[in-house]
Structure formats: C-alpha cells, structure tokens
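# Per-entry structural report
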Amino acid sequence: MTILVAYTSIEGQTRKIAEHIAAQVEKAGERAALFNVASMAEYALERPDAAILCAPIHAGRYPAPFVDFVEREKDWLASVPNAFVSVSLFIRSDDAAEREEALHFPDALMAQSGWMPGAVHHAAGALRFTEYDFFKRWMMKRMAEREGAPTDVGHDHEFTDWAALDAFTVDFVSNAKS
Ligand SMILES: Cc1cc2nc3c(=O)[nH]c(=O)nc-3n(C[C@H](O)[C@H](O)[C@H](O)COP(=O)(O)O)c2cc1C
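Heads up: these notes are all about the structure in this document. Fair warning: this is a prediction, and the values are worked out from it, not measured in the lab. Position numbers for residues start from 1 in each chain and track the written sequence from start to end. Under the rules for a predicted model, residues below a pLDDT of 70 receive no local features and side-chain atom pairs below 80 are neither given nor counted, while totals for whole chains, interfaces and linings still include all residues. Computation of side-chain values covers all heavy atoms of the structure but excludes hydrogens and water.

### Focus: the layout of surface pockets
Grid spacing is 1 Å over the protein atoms alone, the probe is 1.4 Å, and a cavity is where that probe fits but cannot get out, while a pocket is an open set with protein on both sides within 12 Å along at least five of seven lines and lining residues have an atom within 4 Å of a point. Grid points are joined across faces, edges and corners, and a volume is the space filled by probe spheres set on the points. In this structure, the largest pocket occupies an estimated 470 Å³ of space. Along its surface, the largest pocket is lined by 25 residues, and I57, H58, A59, L89 and M140 are the ones closest to its centre. Elements with a contribution of two residues or more to the lining of the largest pocket: α1 (13-27), β4 (82-88), α3 (96-113) and α4 (134-147). Runs of E in the DSSP output that reach at least two residues are strands. Runs of H or I that reach at least four are helices, and both are numbered from the N terminus. Per-element accounting of the lining of the largest pocket gives the leading share, four residues, to α4. The residue inventory of the lining of the largest pocket, partitioned by class, reads 13 nonpolar, eight polar and four charged. Taken as a whole, the second largest pocket spans an internal volume of roughly 190 Å³. If you trace the second largest pocket, you find it lined by G60, R61, Y62, A64, V67, F105, A108, L109 and Q112. Those elements giving two or more residues to the lining of the second largest pocket turn out to be α2 (64-78) and α3. Here the lining of the second largest pocket takes four residues from α3, the largest share from any one element. Gly falls in the polar group here, along with every residue not listed as nonpolar (Ala, Val, Leu, Ile, Met, Phe, Trp, Tyr, Cys, Pro) or charged (Asp, Glu, Lys, Arg).

Spelled out as structure tokens, the structure:
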C-alpha cells in the first residue's frame, strides 16, 4: 500500500511532522509518498491507496496553497482512507478557550472545501524564535506569554508529542489495511 503524506509548512515544523509520519508508515511496512503540496506535479503519476494531510495554523488559518489542494483533491481523498494532522500552538495552551479554538480550526477548512477527513489529529507545533525576524519574534513572544509557553527568545521550543503522533499513524495504517 502507498500512503500519500502531503503537507505544507511555513516555518518547517509541519515538514518535520510529515517526515516523521512518513518514516513511521515505512516502519509499519507500507510505502510513504511524501509531498509538499506546493510541488505536487508528480503525485498524479501514482495513485496512492490512502492519504494523510498535514498543515499548520498561521494567524488562524491554514496556508492558502494547502486549502487549494484540498479543494482540488477532495473527491479522490473521499475515495481512500484519509486523515488530517492540524498543527498549531493553541492546542498546547494553558488557556482552555484557546485549546477549544484549536480543536475547531479544521471546521472552516471542511466547510470551505467539503472534505471530511476520516480522522483528525491535533499536534502542537514549535516556536522558532531564533529564526523569526524582529516583528514575528515580538508577536510570537506575546502569543507564548498568553499561552503559558516558554518566552525565552534565545532558544527554539518544540512542543510536538512524537509518541502521540506515532500512535495516531500506526492506528491509521492498521485501519487503512483492514
Ligand atoms: C506568524 C505566525 C502566526 C501563528 N498563528 C497561530 C495561530 O493563530 N494559532 C495557533 O494556534 N498557532 C499559530 N502559530 C503557531 C504555528 O502553528 C506553529 O508555530 C507551527 O509549528 C508552525 O508550523 P510550520 O513550522 O510548519 O509553519 C503561528 C505561528 C506563526 C509563526
């Protein structure tokens, strides 16, 4: 079985998450086709048997090229086992209202595209303070303060729960096979 792991990433954390999922798929004995949705030209060459899509939230929404991809591909997505990994910071917030908001981020994507993922996993992303420009660093530090996340801008901070992601992937692969 070939499983498409399609992603978009602005700061790199969702790419890392998608790479991790692809490695886990291969570990489970299946083939992973890892693609950045911004360069999907080749993916039409093979017909994947299942798909896991991954996208980060930036300023309350998923990147436009990802939304375009989902809108374009929703019919074949619906025809195979499929899942969505939503990457955000709110999902690890100390504030319950922010966590609740994160749980609903996929709703707008589903309403806009008509895609109803077979399963949704919420993964916490990262704060890459050392890579942000001055304005982004200031903005993200304020977000971190609100959330009870580390505000030490001299370091990057990764919040992804890799074990939970592995459990989700293993479960998806085993359901897709049955
Ligand atoms: C400019 C910017 C805006 C962000 N806005 C949100 C947001 O509105 N809600 C949220 O939960 N996370 C937000 N995040 C956190 C990202 O989802 C998190 O950093 C994630 O790891 C980014 O994934 P990427 O590295 O694949 O782009 C934002 C991050 C950046 C840099």
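### Some thoughts on the pairing of strand β2 (residues 31-36)
One ladder, built from six bridges, connects strand β1 (residues 2-7) with β2; its direction is parallel. Among the inter-strand pairings, Y7 is bridged to a residue of β2, identified as N36. For two strands to pair, DSSP has to find at least two bridges joining them.

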